[in-house]
Amino acid sequence: MKPLIDLRNVSKTYWLGETEVKAVSGISLPIYRQEYLSILGASGSGKSTLMYLIGLLEIPSRGKISFNGRDVSKLADAKLSHLRNGSIGFVFQQFNLINKFTVLENVILPTRYSKTRLKFNPKNKARQLLKDFGILDRQDFFPNKISGGQQQRVAIARALIMNPAVLLADEPTGNLDSKTGPEILRLIESLRKKFKTTIIMVTHEKEVANRADKKIYIKDGRLVKKYL
Amino acid sequence: MKPDTLSDIFTTAIASFKRNKIRTVLTSLGITIGVMSVVLLIGLGVGLKNYLSDQFESLGSNLVIVFPGNVFSDEGGLGGGFGPGFAGGATFDEKDYLNLKKIPQADYVVPQFFRSLPVTANGESQLGYVEGVTADAFKILNLSQAYGQAFEATDVNRKTKVAVLGFAIAEKLFSSPEKAVGKTIITGNQRLKVIGVNAKKGDREMDNIVLLPYTTTFGRLNPNKTFFTIFFGVNDEANIASVINQAEKILAKRYDEDSFSVTEQTEILSTVNQVFGIVNAILVAIGSISLLVGGIGIMNIMYATVTERTKEVGIRRAIGATRQDILSQFLSESVVLSVLGGLIGLALASLIILVIRQFFPAAINLLSVVIAFSVSTAIGVFFGVFPAKRAANLPPIEAIRYE
Ligand SMILES: Nc1ncnc2c1ncn2[C@@H]1O[C@H](COP(=O)(O)OP(=O)(O)OP(=O)(O)O)[C@@H](O)[C@H]1O
Ligand SMILES: [Mg+2]
């Protein structure tokens with residue numbers, strides 16, 4: 001089976017003035033369809049950077065990334081944006097909803113950037129997702145008027161509206177309490193069956209990482225084999 | 001662009017304006033003032049030009065006019081000022097009129113006192129163009145009477161309190177113009193008996209005119225006993241130069257040479273056009289400066305907005321917005337901001353023109369509207385493009401990490 005996303009010896013270097021920060025160095029990682037992968041590591045280890053590389057939000061300094069068998073590491077910004085829009089959904093620790101838009105408007109926002117004809121009605125689909133997640137009654141609320149757990153559900157609905165192949169979640173429970181956190185995790189995990197979504201979970205908590213089928217551990221931007 | 005995207009852009013623009021009402025208003029203020037002044041200037045310029053052309057067109061030929069000020073001087077019409085209120089402008093009086101009357105080649109001489117004033121009759125009030133003249137004015141202005149009759153030289157001598165109304169004002173005051181004859185009107189505390197109504201001219205000024213003997217105005221209407229202009233009808237075109245010459249000599253005995261002008265009608269028209277061309281250019285330049293300042297204000301605020309909304313840009317980029325999408329979003333925001341300012345400017349200018357119209361023939365025309373729209377759009381684009389480019393070029397990761 002061919003991987004959906006394939007990272008080959010990928011590095012990402014940032015420059016802070018004169019100093020070189022190797023956020024990710026030499027990571028090779030195949031990601032298969034409908035996989036549930038967790039990326040575990042300490043703070044500053046490069047988890048988020050790796051996730052952004054996988055999510056085509058960042059281009060590698062070195063190495064190659066293929067998406068669906070096609071090399072995307074040198075694609076133009078517009079093409080990468082279209083791929084992100086249609087194939088990748090992000091969920092963040094800080095929810096990252098746009099506060100001046102209502103819940104419903106936030107969920108349909110990705111559809112407005114679609115460059116292909118939509119096969120669904122954005123509002124209907126958004127409402128269906130909100131209903132599935134038990135927050136349809138909050139559709140006309142603004143994000144700062146609902147709870148953290150509810151905001152994260154909205155963010156997940158937004159990530160899912162374009163039927164992405166991959167859902168990337170960066171510490172999605174990091175800002176939630178011990179009751180809501182596991183609820184959100186279960187919700188994300190349920191998407192695999194329901195929408196056949198590949199799930200990549202970034203976390204620094206071992207217990208969270210252990211729920212995945214496959215986990216990788218990174219330290220100082222490198223994959224640490226022996227941990228697995 | 002899809003309509004959805006367009007509505008998103010407007011929702012975003014309006015939402016961010018709502019959050020920062022004061023800031024939005026202040027930012028647009030420069031554009032508002034700029035557009036307002038440009039529209040006003042065009043309105044005043046066009047109005048005045050039309051007014052003067054109409055005025056002169058309704059006058060007969062071989063006309064020589066005495067004006068205060070030296071607007072129509074040989075240096076191309078830029079010296080001194082225009083009208084008695086301006087520095088150095090002469091104020092003519094009856095003595096000048098009587099002196100000028102002695103010029104043999106002048107068929108008739110008509111002094112003119114002018115004020116626009118409310119005119120009331122049986123409870124109705126209307127704005128009228130009140131003119132104190134001699135009986136010859138009816139000849140110069142080609143005015144015949146639909147009802148009643150004009151006043152005569154004897155009325156001027158006897159200071160009769162009579163008036164001849166324009167068709168429109170008579171109609172407005174008395175519902176039907178023929179009813180006006182014999183009735184009393186009051187203007188500027190002066191009671192006047194209507195003895196005639198002019199035939200319809202189709203000209204706003206002429207149809208709202210209130211003509212009375214200039215001697216009658218010397219009471220309450222014109223306590224200083226002055227004239228704004230004095231007209232001559234010259235018996236032969238060949239004598240025009242000589243009449244001008246004689247009139248200048250007569251007036252020079254009492255006034256400084258720079259404080260009055262004696263000019264042929266056709267010359268006045270071309271000078272008026274020339275002067276308004278220059279005045280308009282200067283005023284448009286003033287408008288342009290405030291537009292420039294307004295544009296810089298918009299640029300400034302858009303840069304602040306971009307910084308403020310860095311995180312939002314990051315989020316939008318993560319969910320698939322291209323650089324182009326971000327660029328159009330911020331660009332349309334600055335255009336909306338600018339056009340908003342422009343429309344307020346247009347509205348304010350229209351209001352002001354509506355008010356001045358009572359006293360002065362100002363006008364809002366299609367040109368003003370087109371200019372208001374296109375100028376403010378252009379400014380929004382020009383000054384919005386740099387901040388919008390900055391937003392579009394934000395690295396998505398840095399934007400999304402931004403707090
Ligand atoms: N734009 C940047 N410029 C410079 N250095 C950066 C940049 N982004 C990330 N880094 C550095 O790269 C390293 C990895 O950062 P990253 O955010 O990927 O870590 P992380 O594992 O997600 O940490 P955390 O658990 O705190 O979120 C860190 O040392 C960070 O300071
Ligand atoms: Mg991180």
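Residues numbered from 1 in each chain as written. Chains lettered and ligands numbered in written order. Predicted model: local features only at pLDDT ≥ 70, side-chain atom pairs only at ≥ 80, totals over all residues. Heavy atoms only, no water.

A. Inspection of the overall build of chain B at higher detail. From N to C terminus, chain B includes 14 helices and twelve strands. Evaluated residue by residue, chain B yields a buried proportion of 52% over its 403 residues. Once local pairs closer than 6 in sequence are excluded, the contacts in chain B between residues at least 24 apart make up 77%. (Helix = DSSP H or I, 4+ residues; strand = E, 2+ residues; numbered from the N terminus. Buried < 20%, exposed > 50% of the residue type's maximum accessible area, 1.4 Å probe, protein only. Contact = heavy atoms within 4.5 Å.)

B. Local environment of the overall build of chain A. Along the backbone of chain A there are seven helices and ten strands. Split into buried and exposed, the 228 residues of chain A put 55% on the buried side. Considering only contacts within chain A whose residues lie at least 6 apart along the sequence, 71% involve residues at least 24 apart. Accessible surface, chain A as shown: approximately 10600 Å² in total, 49% of it carbon and sulfur. (Areas by Shrake-Rupley, 256 points an atom, 1.4 Å probe, with all protein chains shown as cover.)

C. The interface of chain B and chain A, seen in detail. With 28 residues of chain B in contact, the opposing surface of chain A contributes 28 residues. A per-residue breakdown of the area chain B buries against chain A is headed by Ile315, Ile319 and Ile397 of chain B, which together make up 24% of the total. Linking chain B with chain A are three salt bridges. Close ionic contact of Lys115 of chain A with Asp325 of chain B constitutes a salt bridge, the shortest N to O distance being 3.1 Å. Linking chain B to chain A there are ten residue pairs in polar contact (both at pLDDT 80 or more). At the level of secondary structure, the elements contributing two or more residues to the side of chain B that touches chain A comprise helix H1 (3-19), helix H11 (310-318), helix H12 (323-356) and helix H14 (396-401) of chain B. Counted by class, the side of chain B that touches chain A contains eight nonpolar, seven polar and 13 charged residues. (Buried area = accessible area lost by both parts, 1.4 Å probe. Salt bridge = Lys/Arg side-chain N within 4 Å of Asp/Glu carboxyl O. Polar contact = N/O pair within 3.5 Å; in protein donor to acceptor, adjacent residues only side chain to side chain. Nonpolar A, V, L, I, M, F, W, Y, C, P; charged D, E, K, R; others polar.)

D. Broad picture of the pattern of salt bridges. Residues and elements named next belong to chain B. Counted under the stated rule, the structure contains 18 salt bridges over all chains. Between Arg309 and Glu333 there is a salt bridge; the shortest N-O distance is 2.7 Å. With a gap of 24 residues between them, Arg309 in the loop between helix H10 (265-308) and H11 and Glu333 in helix H12 connect regions that are remote in the sequence. Taking relative accessible area as the criterion, Glu333 reaches 1% and is therefore assigned buried.

E. Here's a closer look at the sheet that holds strand E1 (residues 5-16) of chain A. All names here are of chain A. Across the sheet, which stays open at both edges, the four strands sit in the order E2-E1-E4-E5 with antiparallel pairing between neighbours. Bordering the open sheet on either side are strand E2 (19-31) and strand E5 (70-71), each of which pairs with just one other strand. Bridge count for E1 against E2 is nine bridges, and the pairing is antiparallel. Residue pairing for E2: Lys12 is matched across the bridge by Val24. (Pairing = 2+ DSSP bridges.)

F. The site of ligand 1, seen in detail. The full set close to ligand 1 counts 14 residues, and Ser43, Lys47, Ser48 and Thr49 of chain A together with Arg401 of chain B are the nearest of them. Near ligand 1, the surrounding residues are drawn from chains A and B. Contact between ligand 1 and Ser43 of chain A: an oxygen atom at 2.6 Å from a side-chain N or O atom of the residue. Between an oxygen atom of ligand 1 and a main-chain N or O atom of Gly44 of chain A, the distance comes to 2.8 Å. Coverage of ligand 1 by the protein amounts to 72% of the 630 Å² it exposes when considered alone. (Near = heavy atom within 4 Å.)

G. Spotlight on the sheet that holds strand E7 (residues 166-170) of chain A. Residues and elements named next belong to chain A. Across the sheet, which stays open at both edges, the six strands sit in the order E6-E7-E8-E3-E9-E10 with mixed pairing between neighbours. The sheet is open, and its two edges are formed by strand E6 (88-91) and strand E10 (222-223), each paired on a single side. Bridge count between E6 and E7: four bridges; the pairing is parallel. Bridging from a neighbouring strand, Val91 pairs with Ala169 of E7. Together, strand E3 (36-41), E6, E7, strand E8 (198-203) and strand E9 (214-219) form the strand contacts of helix H1 (residues 47-54), whose direction differs from that of E7 by roughly 160°. Taken strand by strand, helix H5 (residues 148-160) contacts E6 and E7, and its axis lies near 170° from that of E6. (Axes fitted to C-alpha atoms, helices over the stretch in contact; angles between N-to-C directions.)

Keep in mind these numbers describe shape, not what the thing actually does.
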